[in-house]
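Commentary on secondary and tertiary structure
Below are the chains, spelled out letter by letter.
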Amino acid sequence: DKFKSVGVFNPAELIGKKYGQQIKIGNKQFWILTPSVKDKLQALKRQAQIILPRDSAHIIMNCSIESGFCVLEAGIGSGSLTIALANAVALKGKVISYDNRQDFIDHAMRNLKMVGLDKYVKTKLKDVTIGIDEKELDAVILDIPNPWAAVAHSFNALRVGGYLCTYSPLISQVENTIKEIKKHNF
């Protein structure tokens, strides 16, 4: 493979090398560094549209998600947001992910395993609009086509002061969700 400003290099040569090790490629020295969360997200194998890192960061910051939190996400997709959430809640927290499609769950869990965060995630083949089993959640994040249908269940599953986040590309989805949120004591 040819890499800009490096030259020809076979990435397979990195297999077996240790993080922190310095290597020489051509006449240049490089460090082998542990991949960042951003690096891990960029390497994801996609099956469904992903929530981009900049949006994941907004979600994590605006929901004040931190280590030890228990967060429910609905709509695992390829696992991009799940990876960001698992990284934020580790080492003592967990992410519970509901999805209607087993193929999405399986695909996302392969991605989570690849980046070493699968132990912080529990999945359920379940429709969040039918109900949420868990209580006293720190945050509920809905990345589904009809988030308004899960608002009441989210309200009942959240701890006092917990966060609800919905991620919707269409303004009509946002309007329907806001109408439903206003019916509850958020």
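Residues numbered from 1 in each chain as written. Predicted model: local features only at pLDDT ≥ 70, side-chain atom pairs only at ≥ 80, totals over all residues. Heavy atoms only, no water.

Looking at the pattern of salt bridges
Enumeration according to the criterion identifies six salt bridges in this entry. With its nearest N and O atoms 2.7 Å apart, the salt bridge here joins Glu-134 to Lys-124. With a gap of 10 residues between them, Glu-134 in the loop between strand E7 (121-125) and strand E8 (137-142) and Lys-124 in strand E7 connect regions that are remote in the sequence. Looking at Glu-134, the relative accessible area reads 13%, which means it is buried. Given a relative accessible area of 17%, Lys-124 falls into the buried group. Connected via shared salt-bridge partners are Lys-124, Lys-126, Asp-133 and Glu-134. (Salt bridge = Lys/Arg side-chain N within 4 Å of Asp/Glu carboxyl O. Helix = DSSP H or I, 4+ residues; strand = E, 2+ residues; numbered from the N terminus. Buried < 20%, exposed > 50% of the residue type's maximum accessible area, 1.4 Å probe, protein only.)

Digging into the packing of aromatic side chains
For the structure on display, the rule yields one aromatic pair. Taken together, a centroid distance of 5.1 Å and an interplanar angle of 70° make the contact between Phe-155 and Phe-186 edge-to-face. Note that Phe-155 is positioned in helix H5 (residues 151-157) and Phe-186 in the segment after helix H6 (171-181), a separation of 31 residues in sequence. Residue classification places Phe-155 among the partly exposed positions, given a relative accessible area of 30%. Across from the ring centre of Phe-104, 3.9 Å away, lies the NZ or CZ of Arg-101, which sits over that ring. (Phe/Tyr/Trp six-rings, centres within 6.5 Å; stacked < 30°, edge-to-face > 60°. Lys NZ or Arg CZ within 6 Å of the ring centre and 35° of its normal.)

Observations concerning the pairing of strand E4 (residues 28-31)
Here is the key point about a regular strand: its side chains alternate between the two faces of the sheet. Relative to E4, strand E3 (residues 22-25) runs antiparallel, the two being bridged by four bridges. If you follow Ile-23 over to E4, its bridge partner there is Phe-30. (Pairing = 2+ DSSP bridges.)

Digging into the side chain of Thr-129
Residue placement: Thr-129 occurs in the loop between E7 and E8. Here Asp-127 takes part through its side chain, which lies 2.6 Å from a polar atom of the side chain of Thr-129. If we ignore the near neighbours within four places in the chain, the residues touching Thr-129 are Ile-144, Asn-146, Ala-149, Ala-150 and His-153. (Polar contact = N/O pair within 3.5 Å; in protein donor to acceptor, adjacent residues only side chain to side chain. Contact = heavy atoms within 4.5 Å.)

Quick look at the layout of surface pockets
Unfilled space is identified by rolling a water-sized probe across the atoms. Space inside the largest pocket adds up to approximately 560 Å³. Taken together, 30 residues make up the lining of the largest pocket; nearest its centre are Ala-74, Gly-75, Asp-143, Ile-144 and Pro-145. Secondary-structure elements contributing two or more residues to the lining of the largest pocket are strand E5 (70-74), helix H3 (80-89) and strand E6 (94-99). Its residues assigned to classes, the lining of the largest pocket shows 14 nonpolar, 10 polar and six charged. Forming the walls of the second largest pocket are Phe-3, Val-6, Phe-9, Pro-11, Leu-14, Ile-23, Ile-25, Phe-30, Trp-31 and Ile-32. (1 Å grid on protein atoms, 1.4 Å probe; cavity = no way out; pocket = protein on both sides within 12 Å on 5 of 7 lines; lining within 4 Å. Points joined across faces, edges and corners; volume = space filled by probe spheres on them. Nonpolar A, V, L, I, M, F, W, Y, C, P; charged D, E, K, R; others polar.)

A few points about a nonpolar patch on the surface
Among the surface-exposed residues, Ile-171, Val-174 and Ile-178 lie close enough to one another that they form a single nonpolar patch of about 250 Å² accessible area. In this structure, Ile-171 sits in helix H6. (Patch = residues over 30% accessible without salt bridge, like charges linked within 9 Å, V, L, I, M, F, W, Y side chains within 5 Å. Areas by Shrake-Rupley, 256 points an atom, 1.4 Å probe, with all protein chains shown as cover.)

Notes on the packing of helix H2 (residues 53-62) against H3
Axis separation between H2 and H3 bottoms out at 10 Å; the angle between their running directions is 40°. Relative to H3, the element H2 lies oblique. The handedness of the crossing between H2 and H3 comes out as right-handed. Two secondary-structure elements touch here, H2 through Ser-56, Ile-59 and Ile-60 and H3 through Leu-81, Ala-84, Leu-85 and Ala-88. Per-class residue counts for the contact of H2 with H3 are six nonpolar, one polar and no charged. (Axes fitted to C-alpha atoms, helices over the stretch in contact; angles between N-to-C directions. Parallel < 35°, antiparallel > 145°, perpendicular 65-115°, else oblique. Left-handed = near helix turned anticlockwise from the far one by under 90°.)

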